[in-house]
Amino acid sequence: MRKCVKCNKKAEVYLPQYRLSLCREHYIEWFENRVEGTIREFRMFSKKDRILVAVSGGKDSLSLWNTLHKLGYQADGLYIDLGIGQYSEDSKNLAIKFANNIGRELHTVSLKEEVLSIPEIKKEDPRPACSFCGTLKRYYMNHYAKKLGYNVVATGHNLDDEVAVLFSNVLSWNLDYLKRQYPVLEEGKGFVRKVKPLCKMSEKESALYAFMAGIEYIEYECPFSEGSTSIEYKKLLSELEERHPGTKLRFYMEFLRKIYPLLNQEQEQTNLRPCKVCGEPTSRDVCPVCALKAKVGKVTEPNV
Ligand code: SF4
Ligand code: ZN
Ligand code: ZN
């Protein structure tokens, strides 16, 4: 029987990469300390900042929100209702229940009211749902953070998410994307600061935390996620991790340490300007969300 290295009680978790056996209580402590360490390492925010957590109702965003709340940060939630049938219904209810449990505010935005629901847009737009869903979520997170007076947006992207994106960007040597793949994107030019405090925590570690901390989260995937290449990459990388514990974290951290600074040596050449319709920052005359709204026949301007 493995014993917790901290208190000698029966261990409930073994983390092969760190050769650590921990009981429930000390696993929760370990996870929260590690997130706190990541926030400090990348100078993400302080106790003075007003943080808006992008809450999907899944394990990562709720684990993140719980951790930030317990660490004493001022963190509220924003739930974007994508209108994806039962999936959105269930995840929204879990997000509301969680917010009530911790006594923090949860703002909600309905995509159907802002533009159209994801399934409705899908009827008009041949692209994979995730491509415009991602754009819309980023747009409304930034828009509502500014509108509601938050200066930081925190998302629950975990190490597996970051590594899958990094792997995909490396496969195609997409330098523009690689240049922006950092766990902190500073504020400015119409954007609030964006941070990923779970970037060093694996998907398994985040799920374990949610389980150990008794967080109820949506346990099934969005129906549109099926067949995505990122899921395939995640599987592949997890097989590698299984055989060589620590591979994912090494791949990610060495990129941040060695390659990211090289890519960002040249001066940023972005020519961001306000969208002519809504005023949000964009590199075109009209931002992708306003262009999408025009395409689906919804031309009302968002509330700016
Ligand atoms: Fe949106 Fe795709 Fe995620 Fe579903 S899987 S919530 S469509 S990004
Ligand atoms: Zn213990
Ligand atoms: Zn716009």
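Residues numbered from 1 in each chain as written. Chains lettered and ligands numbered in written order. Predicted model: local features only at pLDDT ≥ 70, side-chain atom pairs only at ≥ 80, totals over all residues. Heavy atoms only, no water.

Describing the UniProt feature "domain: tRNA(Ile)-lysidine/2-thiocytidine synthase N-terminal" (unreviewed entry) in the protein chain
The condition is simple: UniProt positions are given in the numbering used here, feature names are shortened, and annotations may be inferred rather than shown by experiment. What counts as a helix is a DSSP run of H or I of at least four residues, what counts as a strand is a run of E of at least two, and both are numbered from the N terminus.
UniProt records the feature "domain: tRNA(Ile)-lysidine/2-thiocytidine synthase N-terminal" (unreviewed entry) at residues 51–219, using the numbering of this structure. Counting secondary structure, residues 51–219 comes out at 53% helix and 15% strand; the distance between its end C-alpha atoms is 26 Å.

Topic: the nonpolar core
Here is the rule we go by: Residue types Ala, Val, Leu, Ile, Met, Phe, Trp, Tyr and Cys, when buried and joined through side-chain atoms within 4.5 Å, form a set referred to as a nonpolar core. Residue burial is assigned from relative accessible area. The probe radius is 1.4 Å, only protein chains are included, and a residue is buried under 20% of its type maximum, exposed over 50%, and partly exposed in between.
Counting residues in each nonpolar core, the largest one holds 59 residues, and the members touching the most others are Tyr-27, Phe-45, Ile-51, Trp-65 and Leu-68. Ranked by the residues each element gives to this core, the list is headed by helix α11 (residues 247–263), at 7 residues. Ranked by size, the runner-up nonpolar core spans 35 residues in total, among them Leu-111, Ala-129, Met-141 and Cys-287.

Topic: the coordination of the zinc ion (ligand 3)
Using the following cut-off: Shown as donors are all N, O and S atoms within 2.8 Å of a metal ion, widened to 3.2 Å for Na, K and Ca; because water is not in the atom set, sites may appear incomplete. By the criteria applied here, four donors are tetrahedral when all angles lie between 85 and 135 degrees, four are square planar and six octahedral when opposite donors are over 155 degrees apart and every other angle lies between 65 and 115, and any other arrangement is irregular.
Cys-275 (SG), Cys-278 (SG), Cys-287 (SG) and Cys-290 (SG) make up the full set of protein donors to the zinc ion (ligand 3), lying at 2.3 to 2.4 Å. Coordination at the zinc ion (ligand 3) comes from 4 donor atoms whose angles at the metal span 106 to 113°, giving a geometry best classed as tetrahedral. Here the donor residues of the zinc ion (ligand 3) are spaced in sequence according to C-x2-C-x8-C-x2-C. Like Cys-275, the residue Cys-278 is buried in the burial classification.

Structural notes on the site of ligand 1
Selection criterion: Whether a residue is near a molecule or strand depends on its heavy atoms: it is near if one of them lies within 4 Å of it. Residues are sorted three ways: Asp, Glu, Lys and Arg are charged, Ala, Val, Leu, Ile, Met, Phe, Trp, Tyr, Cys and Pro are nonpolar, and all the rest, Gly among them, are polar.
For ligand 1, the full set of nearby residues is Leu-82, Cys-130, Cys-133, Lys-137, Cys-222, Phe-224 and Ser-225. Here the shell around ligand 1 is built from residues that sort into 5 nonpolar, 1 polar and 1 charged.

Here we look at the coordination of the zinc ion (ligand 2)
At this site the zinc ion (ligand 2) is bound by Cys-4 (SG), Cys-7 (SG), Cys-23 (SG) and His-26 (ND1), with donor distances of 2.1 to 2.3 Å. By relative accessible area, which is 2% here, Cys-4 ends up buried.

Side note on the UniProt feature "domain: 2-thiouridine synthetase TtuA-like N-terminal LIM" (unreviewed entry) in the protein chain
Those residues carrying the UniProt feature "domain: 2-thiouridine synthetase TtuA-like N-terminal LIM" (unreviewed entry) are residues 3–28 in this numbering. Spanning residues 3–28, this segment combines 19% helix with 23% strand, and its end C-alpha atoms are found 16 Å apart.

Considering α11
For clarity, the cut-off: To estimate how far a helix should extend, the number of its residues minus one is multiplied by 1.5 Å. Bend, in this description, refers to the angle at a residue between axes fitted to the seven residues ending there and the seven starting there. Residue contacts are counted whenever heavy atoms from the two residues lie within 4.5 Å of one another.
Here α11 contains 17 residues, and its C-alpha end-to-end distance of 22 Å stays within 8% of the 24 Å for a straight helix at 1.5 Å per residue. Along α11, the helix axis deviates most sharply at Leu-256, where the bend reaches about 40°. Along α11, the residues classified as buried are Thr-247, Lys-248, Leu-249, Tyr-252, Met-253, Phe-255, Leu-256, Tyr-260 and Leu-263. Structurally, α11 contributes buried residues whose contacts are with α1 (24–41), α7 (159–171), α8 (175–179) and α10 (229–243).

Points about the environment of Pro-245
Within the element layout of this structure, Pro-245 appears in the loop between α10 and α11. A relative accessible area of 41% places Pro-245 in the partly exposed class. Measuring from C-alpha to C-alpha, the distance between Pro-245 and Glu-219 comes to 25 Å, with 26 residues separating the pair along the chain. Apart from residues lying up to four places away in sequence, Pro-245 is in contact with Pro-16 and Gln-17.

Re the sheet that holds strand β8 (residues 193–195)
The cut-off we apply is this: Two strands qualify as a pair provided that DSSP identifies no fewer than 2 bridges between them. Between the N-to-C directions of two axes lies an angle of 0 to 180 degrees, each axis being a line fitted to C-alpha atoms and, for a helix, fitted only over the stretch in contact.
The mixed open sheet is built from 6 strands, whose spatial order is β5-β4-β3-β6-β8-β7. In the strand order of this sheet, the two ends are held by β5 (106–110) and β7 (184–185), each with one partner. In this structure, β7 lies alongside β8, joined through 2 bridges in antiparallel fashion. Counted as the bridge partner of Leu-185 is Lys-194 from β8. Along the sheet face, helix α2 (residues 59–70) touches β3 (50–55), β4 (74–81), β5 and β6 (152–154) and points at about 155° away from the line of β3.

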